Amino acid sequence: MAVRTLDPARTATPFEATLAQALFDGLYEVRPEGGVAPVLAAGPPEVEGTVARIRLRPGIRHHGGRPLEAEDVVDSLTRVASVPEARWLLGAFATENGAPQIRAVDAETIEIGLARHGVRADLILASAPFAILAGGRPGRRPLGTGPFRARLDGRGGVDLHLWRHAADRPPWLDHVRFEPPQPRDDEVRAFELGRLDGSWWGRSLYGGEPVRPAQTTGTAAATPVLLVPRRAGALRSDAAWGGVVASIDRARLERVGLVPRRSLGAGLPPPDLPRGRARRGTSLRMIVRAGRARALRLAEAIAGMLDERGVRLQVQRMSDARYAAALRRGAWNLRLAFVRPPLPGRGAVAGAALAAAGQPGRARDLVPSLGDRAVAARTARQLDAMVLGHERIVLHHRADLRGVRFDFLGRLGLAELSFARPEEPLR
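Residues numbered from 1 in each chain as written. Predicted model: local features only at pLDDT ≥ 70, side-chain atom pairs only at ≥ 80, totals over all residues. Heavy atoms only, no water.

**Q** Account for helix α4 (residues 184-192), naming residues and giving values.
**A** All buried positions along α4 are accounted for by E187, V188, A190, F191 and E192. Of the residues flanking the end of α4, it is G194, one or two places downstream, whose phi is positive at about 85 degrees. (Buried < 20%, exposed > 50% of the residue type's maximum accessible area, 1.4 Å probe, protein only. Helix = DSSP H or I, 4+ residues; strand = E, 2+ residues; numbered from the N terminus.)

Below, the structure written as structure tokens:
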């Protein structure tokens, strides 16, 4: 998979989220059992009224070798306001002149103004976009405090090296190398011949077995995939949008890697979508980011289904810059959105879906009520986008690679990987 960013607030794929988790720590994290625990913070927030005070753990150093200071944390948290995909989470915090009220009290302490009483500052700060990036913008060598430090090689590959001063503990492996992306068949063949230790695409080209024993590990985490309409022009009316919805058979999308689902997740109702019939002769335009192989395959499958109903869907591949420009201009009718919740829970899934579907204001209003299941259900029902299904993420890997696990957000825990020790011969 191509790596487009090592910015924890901008990850767009499970692979990018996996890398971000390996490089960056948050002030807090959600444990597998559901509790919230401090990581870079020295303890839980000290809350007085609507002000939360957080002290940093002493002795933490980022990948540049310097101590992590409160100003680094403030800069990292406030920069989320410039990230459209993530700034809805700032709805948990009070603002002043449009900026979140986050400031450094001294080198070890920050203060955060909360939007209202009862907001769980530690839970919100445990979300993936609030992982701490020190030293400003991410580049080819971003500065975090995580178990690995990274370097992009300029060709699409990434090298991760052990960071001995990790906040938790150093990883088991000294070095993890991700090769530049290859065509699907080339990658699978390289894995089959033992030239790669893992593949995201498959374990064999023709159904055989790799030269080394292999296993396949998947994630149970849900990544809903949405079909988002631009409710103007050809899809202005409910009948026109309903006709598109009626034309899509979710079961057929299973061939391109989606698990057919109508809702965002367990316990959430499907969106209330309009009904209609496809209008023959209609022409629509779908924009897709170039280099996103799964999205392109999905777009072509949708185009085929609409073609059967007499609707012509033009799929346009675009660079990130052109895609963003087309989005701003409204030069599109349909697009795909992969919902990557920043936290576990129904409210976080619903909020992330709103933001992904271009409704960040509604997502922001939801943040103070993330734990309210009734609010999450109502929000899911009002989502004006079609849930196509849930993305299936699996890793095919050599069998002696231990600790291969995905967390509840679909991220592979790179710090837990290790190789099994060869058995020593009996003497």
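Once you've had a look at it, read on.
**Q** Explain the side chain of T145 to me, and be specific about the residues and the numbers.
**A** Here T145 shows up in the loop between α3 (121-125) and β9 (148-152). You can call T145 buried: its relative accessible area is 2%. Only 2.8 Å separates the side chain of T145 from the side chain of D25, close enough to count as a polar contact. When sequence neighbours within four positions are dropped, the list of residues in contact with T145 reads L23, F24, D25, L40, I60, R61, H62, H63, L68, W163, A166 and A167. (Polar contact = N/O pair within 3.5 Å; in protein donor to acceptor, adjacent residues only side chain to side chain. Contact = heavy atoms within 4.5 Å.)

**Q** Explain the environment of R61 to me, and be specific about the residues and the numbers.
**A** With respect to the element layout, R61 can be found in the loop between β4 (51-55) and α2 (70-78). Taking C-alpha positions, R61 is 8.7 Å from G144, a pair spaced 83 residues apart along the chain. Beyond its immediate stretch of four places on either side in the chain, R61 contacts R66, P67, L68, T145, W163 and H165.

**Q** An account of the nonpolar core is needed here, citing residue identities and associated values.
**A** Ranked by size, the top nonpolar core spans 68 residues in total, and within it L27, L77, F93 and L226 carry the most contacts. Aside from chain neighbours lying at most four places away, what touches L27 is P38, V39, L40, A41, I54, L56, V73, L77, I110, L125 and I132. Counting 28 residues, the second-largest nonpolar core is a separate cluster that includes W241, V245, L258 and L296. (Core = buried A, V, L, I, M, F, W, Y, C linked by side-chain atoms within 4.5 Å.)

**Q** Talk me through the sheet that holds strand β3 (residues 46-48); I want residue IDs and the actual numbers.
**A** Reading across the sheet, the 4 strands line up as β3-β4-β8-β7 and stay open at both edges, with antiparallel pairing between neighbours. Both edges of this open sheet fall to β3 and β7 (102-106), since each of them pairs with a single strand only. Going across the sheet, the axis of each strand differs from the next one's by a mean of 25 degrees, ignoring polarity. Two strands pair when backbone bridges link them, and β3 and β4 are joined in this way by 3 bridges, in the antiparallel orientation. (Pairing = 2+ DSSP bridges. Axes fitted to C-alpha atoms, helices over the stretch in contact; angles between N-to-C directions.)

**Q** Give me the pattern of salt bridges: which residues, what numbers.
**A** This structure, assessed with the given rule, holds 24 salt bridges. Through salt bridges with shared partners, a single network forms among D153, R155, D159, R177 and E179. (Salt bridge = Lys/Arg side-chain N within 4 Å of Asp/Glu carboxyl O.)

**Q** Would you mind going over the pairing of β7 in detail, with residue names and values included?
**A** Where β7 and strand β8 (residues 109-113) come together, 4 bridges link them in antiparallel fashion. Bridge pairing in β8 links R103 to E111. Where β7 folds back on β8, the antiparallel hairpin that results is connected by 2 residues.

**Q** I'd love a proper account of the environment of R261, names of residues and values included.
**A** Checked against the element boundaries, R261 lands in the loop between β15 (258-259) and β16 (283-289). The class for R261 is partly exposed, based on a relative accessible area of 41%. For R261 and V225, which are 36 residues apart along the polypeptide, the C-alpha to C-alpha distance reads 9.4 Å. In this structure, R261 is in contact with R250, V387, L388, G389 and H390, ignoring residues within four places of it in sequence.

**Q** Kindly report on the packing of aromatic side chains, identifying the contributing residues and their values.
**A** Per the stated rule, a full pass over the model turns up 3 aromatic pairs. Arranged with centres 5.9 Å apart and planes meeting at 50 degrees, the rings of F93 and F130 form a pair that is tilted. Within this pair, whereas F93 is found in the loop between α2 and β5 (95-96), its partner F130 is found in the loop between α3 and β9, the two being separated by 37 residues in sequence. Put simply, the rings of F15, F178 and W200 touch in pairs and so form one group of aromatic residues. Above the plane of the ring of W201 lies R294, whose end atom (NZ or CZ) is 5.1 Å from the centre. (Phe/Tyr/Trp six-rings, centres within 6.5 Å; stacked < 30°, edge-to-face > 60°. Lys NZ or Arg CZ within 6 Å of the ring centre and 35° of its normal.)

**Q** Before we move on, could you go through the sheet that holds strand β18 (residues 334-338) and cite the residues and values that matter?
**A** Strand order in this open sheet of 6 strands is β15-β19-β14-β18-β16-β17, and the pairing throughout is mixed. The outermost strands of the open sheet, each flanked by one partner alone, are β15 and β17 (312-318). In the sheet, β16 pairs with β18 via 2 bridges, with the strands oriented parallel. Paired with I287 across the strands is R335, a residue of β18. Helix-sheet contacts for helix α7 (residues 320-329) involve β16, β17 and β18, and the interaxial angle to β16 is about 140 degrees.

Any functional reading would require information that these geometric values do not contain.
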